[in-house]
Amino acid sequence: MQRPGTLFVVATPIGNLGDLSPRALDTLKTVSAVCAEDTRHTRQLLSHFGVDRPLVALHEHNEGDAAGPLVARLLAGESLALVSDAGTPLVSDPGFRLVRAAREAGIAVSPVPGASALVAALSVAGLPSDRFIFEGFLPAKANARRERLAMLAAEPRTLIFYESAHRIEDMLADAAAAFGAERRAVVARELTKLFETVLDGSLADLAQRVRADPNQRKGEFVLLVHGAGEAADAKVTEGRRLYAKLSEHLPPSTAAKVAAEWSGAPRKALYGGGNE
């Protein structure tokens with residue numbers, strides 16, 4: 001009876017090619033094929049390291065259909081590598097359906113760990129790292145994004161988000177409204193790349209710095225926000241949640257007044273996150 005192969009989940013660099021581990025390189029050289037989110041991007045990576053392996057496209061639009069044939073190859077004895085465009089696969093990237101299908105078929109799934117933008121950002125942020133929550137990319141539409149942030153206003157753990165260049169300004173403004181302008185946060189941009197920057201300060205300060213500097217609106221972002229803390233004032237937390245929701249439909253001053261009345265929180269703590 002043919003022994004199944006192994007599906008290797010291989011982390012690749014998030015910017016600096018020197019971060020590809022020796023084990024990851026050996027794995028990519030020896031598998032039958034590499035399943036890649038973007039074959040063009042991965043072909044460049046493999047070419048840089050002199051690796052010549054067949055590539056199979058596996059992305060969010062075809063993963064449901066592609067998983068079955070790939071599992072069949074694994075059951076036939078081939079070993080495959082799964083990579084994303086950058087970092088650790090499945091972390092805000094495709095691959096979940098293939099990994100689940102492989103495990104359900106009794107195939108060994110082995111991690112080849114390495115770079116991860118969220119862990120890299122957390123390691124240098126200077127925010128509590130013993131407990132954190134990863135939210136990935138929030139909805140692109142403003143109302144849905146604000147609603148999700150309002151739901152997270154009382155979260156005591158450090159919050160970690162991914163964000164794109166064209167939404168980072170709006171994300172910071174919405175976070176300040178939901179969490180309070182003085183909530184401590186960190187914007188990590190282009191980690192491990194030439195123009196890497198890590199900015200820390202209040203959400204209001206970070207929003208201003210990003211707004212004032214076009215260079216801080218380029219690249220890929222990780223936003224980390226200090227948690228509310230176990231002893232966060234319940235009235236202020238509820239007031240900010242209400243304010244964020246009401247401000248979608250009412251002028252800021254009116255939204256703050258109504259939220260303060262309903263929650264019992266001071267109006268000044270709600271309107272603009274503390275700025276009247």
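Below: a short report on this structure. (Residues numbered from 1 in each chain as written. Predicted model: local features only at pLDDT ≥ 70, side-chain atom pairs only at ≥ 80, totals over all residues. Heavy atoms only, no water.)

**Structural notes on the overall build of the chain**
Then, in step 1: Counting secondary structure elements, the chain contains 10 helices and 10 strands.
Then, in step 2: Referenced to the eigenvectors of the C-alpha coordinate spread, the extents of the chain come out at roughly 70 × 40 × 30 Å.
Then, in step 3: Counting across all 276 residues of the chain, residues that qualify as buried make up 45%.
Then, in step 4: Once local pairs closer than 6 in sequence are excluded, the contacts in the chain between residues at least 24 apart make up 69%.
Then, in step 5: Here the chain has roughly 13600 Å² of accessible surface; of this, 51% comes from carbon and sulfur atoms.
Then, in step 6: Of the side chains in the chain, 32 bear a positive and 33 a negative charge, and the two mean positions are spaced by 2 Å. (Helix = DSSP H or I, 4+ residues; strand = E, 2+ residues; numbered from the N terminus. Buried < 20%, exposed > 50% of the residue type's maximum accessible area, 1.4 Å probe, protein only. Contact = heavy atoms within 4.5 Å. Areas by Shrake-Rupley, 256 points an atom, 1.4 Å probe, with all protein chains shown as cover. Lys, Arg positive; Asp, Glu negative; His and termini not counted. Charge placed at Lys NZ, Arg CZ, Asp CG, Glu CD.)

**Describing unusual backbone geometry**
Then, in step 1: The phi dihedral of leucine 90 falls on the positive side, at around 80 degrees, and the residue is not glycine.
Then, in step 2: Within the secondary structure, leucine 90 sits in the loop between β4 (80-83) and α4 (96-104).
Then, in step 3: Positive phi, normally seen in glycine, also occurs at glutamate 190, with a value near 55 degrees.
Then, in step 4: Residue position: glutamate 190 is located in the loop between β8 (184-189) and β9 (197-202).

**Brief notes about the layout of surface pockets**
Then, in step 1: Within this model, the largest pocket holds a volume of roughly 520 Å³.
Then, in step 2: Lining the largest pocket we find 25 residues, and of these Ala86, Ala117, Phe137, Tyr162 and Glu220 sit closest to its centre.
Then, in step 3: Among the elements of the structure, β7 (158-163) and β10 (221-225) are those that each provide at least two residues to the lining of the largest pocket.
Then, in step 4: Taken together, the residues that form the lining of the largest pocket break down as 11 nonpolar, 6 polar and 8 charged.
Then, in step 5: Volume-wise, the second largest pocket comes out at about 250 Å³.
Then, in step 6: What lines the second largest pocket is a set of 14 residues, among which Pro13, Leu17, His41, Leu45 and Asp85 lie closest to the centre.
Then, in step 7: Here the residues of the lining of the second largest pocket are counted per class, giving 5 nonpolar, 6 polar and 3 charged. (1 Å grid on protein atoms, 1.4 Å probe; cavity = no way out; pocket = protein on both sides within 12 Å on 5 of 7 lines; lining within 4 Å. Points joined across faces, edges and corners; volume = space filled by probe spheres on them. Nonpolar A, V, L, I, M, F, W, Y, C, P; charged D, E, K, R; others polar.)

**Examining the sheet that holds β7**
Then, in step 1: What the 5 strands build is an open sheet, ordered β6-β7-β10-β8-β9; its pairing is mixed. Looking at which strands have only one partner, the edges of the open sheet turn out to be β6 (132-137) and β9. Each adjacent strand pair in this sheet contributes to an overall mean axis angle of 15 degrees, direction not counted. (Pairing = 2+ DSSP bridges. Axes fitted to C-alpha atoms, helices over the stretch in contact; angles between N-to-C directions.)

**Quick look at the packing of helix α7 (residues 168-179) against helix α8 (residues 203-212)**
Then, in step 1: Their axes nearest at 9 Å, the elements α7 and α8 cross at an angle of 165 degrees. Between α7 and α8, the angle falls in the class roughly antiparallel. Taken as a pair, α7 and α8 cross one another with a handedness that is left-handed. In this structure, α7 contributes Ile168, Glu169, Leu172, Ala175, Ala176 and Phe179 to the contact, and α8 contributes Leu203, Leu206, Ala207, Val210 and Arg211. (Parallel < 35°, antiparallel > 145°, perpendicular 65-115°, else oblique. Left-handed = near helix turned anticlockwise from the far one by under 90°.)

**With respect to helix α3 (residues 63-75)**
Then, in step 1: Between its first and last C-alpha, α3 extends 18 Å over 13 residues, near the 18 Å set by a 1.5 Å rise per residue.
Then, in step 2: Tucked into the core, α3 has its buried residues touching β1 (6-10), β2 (33-36), β3 (55-57), β4 and α4. (Expected span 1.5 Å × (residues − 1).)

**Focus on the side chain of threonine 6**
Then, in step 1: Relative to the assigned elements, threonine 6 resides in strand β1.
Then, in step 2: Apart from the residues lying within four places of it in its own chain, the contact partners of threonine 6 are Leu74, Glu78, Ser79, Leu80, Ala108 and Ser110.

**Things to note about the packing of α3 against α4**
Then, in step 1: Between α3 and α4, whose axes approach to 9 Å, the crossing angle comes to 40 degrees. You can see that α3 and α4 cross each other, and the crossing is right-handed. From α3, Glu63, Gly64, Ala67, Leu70, Val71 and Leu74 reach across to α4, where they touch Phe96, Arg97, Leu98, Ala101 and Ala102.
Then, in step 2: Among the residues making up the contact of α3 with α4, the classes are represented as 8 nonpolar, 1 polar and 2 charged.

**Observations regarding the packing of aromatic side chains**
Then, in step 1: Applying the stated criterion to the full structure yields 2 aromatic pairs.
Then, in step 2: Here the aromatic rings of phenylalanine 134 and tyrosine 162 are separated by 4.9 Å at their centres, their planes lie at 70 degrees, and the arrangement is edge-to-face. Pair noted here: phenylalanine 134 is in strand β6 and tyrosine 162 is in strand β7, with a separation of 28 residues, a long-range link.
Then, in step 3: Its relative accessible area of 10% is what places tyrosine 162 among the buried residues.
Then, in step 4: Ring geometry for phenylalanine 137 against tyrosine 162: centres 5.6 Å apart, planes inclined by 65 degrees, an arrangement best described as edge-to-face. On the criterion of sequence distance, the pair formed by phenylalanine 137 in strand β6 and tyrosine 162 in strand β7 is long-range, its members being 25 residues apart. (Phe/Tyr/Trp six-rings, centres within 6.5 Å; stacked < 30°, edge-to-face > 60°.)

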